[in-house]
Amino acid sequence: MTDPICDMTVEPESAAGKFDYERETYYFCSVHCQKLFASDPAKYLSAARARQKTTAVQHHHAPAKPEVSGAIYTCPMDPEVRQVGAGACPKCGMALEPLEVTAPSTKTEYVCPMHPEVVRDAPGTCPVCGMALEPRVVTLAEEKNPELENMTRRFWVGVILSAPVLLVAMSDMIPGQPLHRVFSSRWLTWFQFILATPVVSWCGWPFFERAWASVVNRSLNMFTLIGIGVGTAYLYSVAAVLIPGAFPDSLRGHGGQIGVYFEAAAVITTLVLLGQVLELRARSRTSGAIKALLGLAPKTARRVAADGSEEDVPLEQVRVGDLLRVRPGEKIPVDGIVVDGQSAVDESMVTGEPIPVEKLQNSKLIGGTVNGTGSFLLRAERVGADTLLAQIVRMVGEAQRSRAPIQRVADLVAGYFVPSVVGVAAVSALAWWTWKAVSGGVQRGREVAA
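Every chain's residues receive numbers from 1 upward, in the order its sequence appears when written. Residue-level local features of this predicted model are given only where pLDDT is at least 70; pairs of side-chain atoms are given and counted only at 80 or more, and the full residue set underlies all totals for whole chains, interfaces and linings. Only hydrogens and water are set aside; all other atoms, that is, all heavy atoms of the structure, feed into the side-chain values.

Peer 1: Is there a simple way to explain the overall build of the protein chain in this structure?
Peer 2: Strands here are runs of E lasting at least two residues and helices are runs of H or I lasting at least four, both read from the DSSP assignment and numbered beginning at the N terminus. A count of helices and strands for the protein chain gives 11 helices and 17 strands. Buried residues are those whose accessible area, probed at 1.4 Å on protein chains only, stays under 20% of the maximum for their type, while exposed residues exceed 50% and partly exposed ones sit between those limits. Taken over 450 residues, the protein chain has a buried fraction of 32%. Of the roughly 26500 Å² of accessible surface on the protein chain, a fraction of 61% belongs to carbon and sulfur atoms. Per-residue and other accessible areas were derived by the Shrake-Rupley procedure at a 1.4 Å probe size, with only the shown protein chains allowed to occlude residues.

Structure (structure tokens):
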């Protein structure tokens, strides 16, 4: 189903809300979209139809382009968010990831068996010895994760700049206070301001974007608290540095200085970046494991025609009922059954059993397992997404994206917890400010009376 407000694909079982209108049920990615639609369904339905017509006209008159994959992307924190193509999650702002992980890219090279240094992109003969070049399949290097690289870069910049800020902020606890003997308190405050500014404004910018997205979409989360906390601490400290005269005496310390919280803003930003880097690395490794599973399947199969001839065909061209020849040492291309011949098959990748299993006529075979020394014919029974290996990959991917029941409870609690914390913090700040102002006024009145 498509959300009529934001045109986002929404699964009914994971929708944030639904609305019945003219005997049809519409599903929404967030409560905010549901409320907008409920206020004037006819208006938003007409706008959605107009967008669809415009898109159709644009595709009709567009020049011919290479076919786009049209992969579905989803949010790692909000699996119900799905859309065609990459982008940012409308709820939390995180980068969307492909719903289905593809196998590692490969290419075929041709190499001389006598001179391995001779490698060509096309078949031919070796220029050294004249032997025919033999094909070999090479796995290309995996694409880098741009979000992980970006967060890692921001994290290390944050570490380098936050460490001196933390040291200066904690210098009061060093015996003898050596920094304050060399530098004035004003100079140390400006030093913290200069170093903390790039940490908060550049290193922490993705968190402010996500916090703003959570407020706009009315889906408050931890980035809301991080953005408010870090932003408030930094802006208060900047005001204390640039316009110290605007603060009442009740907010000043014993030496007349106004306390700053640059170290809190910088260190919190750096620690959250560390958490993001660890999370992105864990997700990248999980995706790598899925790609490794996909890489277990061979890329080609040797199909036997009705006249007995054999040819190597891509695995995508294999259909149910095809007869396939599996030679010694090759991987079994698809799930099937032995028609002729016998061999021992290593099924440790599925069962964990290191001893090869004897396969005779009518024995079941699992795609991706390794044939031993025998040769046999198999009839394909399950191909493509129906094979056992593909189902394992799909289950691993779903487990990575699915939410545990306790996570749903946590998300529900967070919806009330975040605004409650913000409200309590605002009330506490107002009460504390009022109390300090009143107590300061009373103290000054006593001094005048005395």
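Let us keep going from here.
Peer 1: Just checking my understanding: could you explain the packing of aromatic side chains for this structure?
Peer 2: Both the distance between ring centres and the angle between the ring planes are used here to describe each pair of aromatic rings. Between the rings of Phe, Tyr and Trp (Trp by its six-membered ring), a pair exists once the centres lie within 6.5 Å; its type follows the angle of the planes, with under 30 degrees stacked, over 60 edge-to-face, and the other angles tilted. Going through the model one piece at a time under the given rule, you end up with 7 aromatic pairs. Ring geometry for W187 against F191: centres 5.7 Å apart, planes inclined by 10°, an arrangement best described as stacked. One end of the pair, W187, and the other, F191, are both in helix α5 (residues 185-203), 4 residues apart, so they sit about a helical turn from each other. Between F207 and F223, the aromatic rings sit 6.0 Å apart at their centres with planes inclined by 20°, giving stacked as the arrangement. Pair noted here: F207 is in helix α6 (residues 205-216) and F223 is in helix α7 (residues 222-242), with a separation of 16 residues, a long-range link.

Peer 1: Sorry if this is basic, but what is going on with the sheet that holds strand β13 (residues 343-346) here?
Peer 2: Paired through backbone hydrogen bonds, the strands of a sheet run either parallel or antiparallel to each other. Across the sheet, which stays open at both edges, the 3 strands sit in the order β14-β13-β16 with antiparallel pairing between neighbours. Across the chains shown, the open sheet's two edge strands, defined by having one partner strand only, are β14 (357-359) and β16 (370-371). Being paired, for any two strands, means DSSP has found at least two bridges between them.

Peer 1: I would appreciate a short explanation of the environment of I226 in the present structure.
Peer 2: As for its position among the elements, I226 is in helix α7. The spatial distance from the C-alpha of I226 to the C-alpha of I268 is 8.2 Å, given a sequence separation of 42 residues. Here, two residues are considered to be in contact whenever any of their heavy atoms come within 4.5 Å of each other. Excluding residues that lie within four positions of it along the chain, I226 makes contacts with F207, G231 and V272.

Peer 1: Even after reading the chapter, I still don't get a nonpolar patch on the surface, so can you show me in this structure?
Peer 2: Surface patches are drawn from residues lacking salt bridges whose relative accessible area is over 30%; two like charges belong together within 9 Å, two nonpolar side chains (Val, Leu, Ile, Met, Phe, Trp, Tyr) within 5 Å. Any Lys or Arg side-chain nitrogen found within 4 Å of a carboxyl oxygen on Asp or Glu counts as a salt bridge. A grouping of I406, V409, V413, F417 and V421 is seen on the molecular surface, where their side chains present a nonpolar patch of about 450 Å² in accessible area. Turning to its location among the elements, F417 is positioned in helix α11 (residues 405-449).

Peer 1: I tried to follow the sheet that holds strand β3 (residues 72-74) on my own but got confused; where do I start?
Peer 2: Overall, antiparallel pairing links the 3 strands, which are arranged β4-β3-β5 in an open sheet. Here the strands that pair on one side only, and so sit at the sheet edges, are β4 (82-84) and β5 (97-98).

Peer 1: Would you explain the pattern of salt bridges in this entry?
Peer 2: A side chain of one charge can pair with a side chain of the opposite charge when the charged atoms of the two come close. Under the counting rule described, the total for this entry stands at 10 salt bridges. D312 is paired through a salt bridge with R302; the nearest N and O atoms lie 3.1 Å apart. Here D312 is found in strand β10 (residues 310-314), whereas its partner R302 is found in strand β9 (residues 300-304), with 10 residues between them in sequence. For D312, a relative accessible area of 48% puts it in the partly exposed group. For E330, the salt bridge goes to R327, with nearest N and O atoms at 2.8 Å.

Peer 1: Help me understand the side chain of S214 in this model?
Peer 2: Relative to the elements of secondary structure, S214 occurs in helix α6. Each polar contact in these results corresponds to two N or O atoms within 3.5 Å; when the atoms are within protein, one needs to be able to donate a hydrogen and the other to accept it, and residues that are neighboring in sequence are counted only if both atoms are side-chain atoms. In terms of polar contacts, S214 uses its side chain to reach the backbone carbonyl oxygen of A211, at 2.6 Å.

Peer 1: What's the story with the state of the cysteines in this structure? I'm lost.
Peer 2: Put simply, a disulfide is two cysteine sulfurs that come within 2.5 Å. Per the stated rule, a full pass over the model turns up 0 disulfides. The thiol sulfur of C112 is not disulfide-bonded, and the nearest other cysteine sulfur, from C126, lies at 3.5 Å. According to the relative accessible area criterion, C126 is buried, its value standing at 4%.

Peer 1: What's the story with the confidence of the model for the protein chain in this structure? I'm lost.
Peer 2: For any part of a model where pLDDT is low, the fine detail of the predicted coordinates should not be relied upon. Taken as a whole, the protein chain shows an average pLDDT of 78; of its residues, 77% reach a score of 70 or greater. When mean pLDDT is taken per element in the protein chain, strand β11 (residues 323-326) scores highest with 92 and helix α2 (residues 41-61) scores lowest with 51. The low-confidence segment residues 53-69, where pLDDT is below 50, has 0 contacts with residues more than four positions distant or belonging to other chains. Summary of the metric used: pLDDT quantifies the predictor's per-residue confidence within the range 0 to 100.

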